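# Observations on chain architecture
One letter stands for each residue in the lines below.
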Amino acid sequence: MTPLDYDYLRKLLKERSGLDLSADKQYLLESRLIPLARKAGVPGLPELVQKLKGGAEPLIAEVVEAMTTNETFFFRDKVPFDHFKGTIMPAMLQARAARRSLRIWCAAASTGQEPYSIAMCLKELGAALTGWRVEIIATDLSQGVLEKSRAGLFSQFEVQRGLPIQLLVKHFTQIGELWQLNADVRAMVQFRQLNLLQDFSHLGVFDIIFCRNVLIYFDQDTKTNVFSRLAKVIEPDGFLMLGAAETVVGLTEAFKPYPERRGLYIPNVAQAARGAQPALKAVASR
């Protein structure tokens with residue numbers, strides 16, 4: 001692969017997915033795309049690039065999917081879910097008591113373990129959410145992983161990664177060598193294809209947004225742009241959860257860290273056009 005071919009693929013991936021490959025990542029690109037080139041019936045990456053330049057949209061989508069990292073597991077990193085159960089939900093149960101509804105967005109949902117972990121947390125609240133309308137919208141760029149997510153079928157290896165045994169017994173049914181999440185939990189999550197680089201305002205406004213372990217692949221300008229648009233679809237007293245290696249510091253003033261809760265952020269209402277609600281003031285002062 002020539003430097004020009006590599007530059008073309010880098011630009012294509014950045015435009016289509018936000019993935020920002022550095023100049024020394026050619027080996028990664030080759031390892032993931034050479035099998036795809038063979039599948040496409042071409043001998044190597046130079047020929048694959050020529051096909052892509054010809055506007056082969058289905059092939060472009062396959063290239064983007066092949067380069068997208070889909071590493072995930074149930075209750076990944078644990079701390080965000082401790083925050084969800086111990087900080088976010090107590091605040092939301094109080095702040096939304098009158099309207100009894102809650103909207104949660106799980107961006108970059110991959111194969112579904114994160115939104116399903118959120119759903120199981122909500123199930124564990126039991127009577128506290130009786131009569132509430134709860135929506136969990138889970139989105140991802142890859143159609144392939146969304147299809148797997150909807151099925152709710154996981155291997156023994158996948159359910160052993162982070163999933164407490166009591167939740168496995170309670171919410172899953174074994175089917176041969178696989179485990180399927182029970183229908184009542186699967187029904188709590190709506191899966192939709194979405195590219196974070198594109199407009200997502202049509203999803204509506206959310207109380208809680210999980211946007212974890214995806215922004216690390218973007219450059220600074222792209223991160224700033226995404227944060228700006230996230231600020232427009234989150235309630236003034238809402239919560240934003242980022243990955244352990246992600247931060248808003250130095251990138252946006254639309255959000256600020258929640259005190260003593262790593263990875264958790266709240267809208268910076270002093271910077272927002274909308275006025276602050278009393279619930280945010282109460283939560284932020286704790």
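In short, a report on the structure. (Residues numbered from 1 in each chain as written. Predicted model: local features only at pLDDT ≥ 70, side-chain atom pairs only at ≥ 80, totals over all residues. Heavy atoms only, no water.)

With that out of the way, let us pick up the overall build of the protein chain. For the protein chain, the helix and strand inventory stands at twelve helices and ten strands. The globule rule puts the C-alpha radius of gyration for 286 residues at 19 Å, and the 20 Å found for the protein chain is close to it. Along the longest, intermediate and shortest principal axes, the C-alpha atoms of the protein chain span 60 × 50 × 30 Å. Considering the protein chain as a whole, with its 286 residues, one finds that 47% of them fall into the buried category. Pairs at least 24 residues apart make up 71% of the contacts formed inside the protein chain by residues separated by at least 6 positions. Accessible surface, the protein chain as shown: approximately 13400 Å² in total, 53% of it carbon and sulfur. (Helix = DSSP H or I, 4+ residues; strand = E, 2+ residues; numbered from the N terminus. Rg over C-alpha atoms; globule rule 2.2 N^0.38 Å. Buried < 20%, exposed > 50% of the residue type's maximum accessible area, 1.4 Å probe, protein only. Contact = heavy atoms within 4.5 Å. Areas by Shrake-Rupley, 256 points an atom, 1.4 Å probe, with all protein chains shown as cover.)

Attention now goes to the sheet that holds strand β3 (residues 153-155). Sheet architecture is open: three strands sit in the order β3-β5-β4, paired in antiparallel fashion. Two strands close off the open sheet at either side, each with one partner strand: β3 and β4 (172-175). The average undirected angle you get between the axes of adjacent strands in this sheet is 35°. Pairing of β3 with strand β5 (residues 178-181), which is carried by three bridges, proceeds in the antiparallel orientation. Looking at β5, one finds that S155 is bridged to L178. (Pairing = 2+ DSSP bridges. Axes fitted to C-alpha atoms, helices over the stretch in contact; angles between N-to-C directions.)

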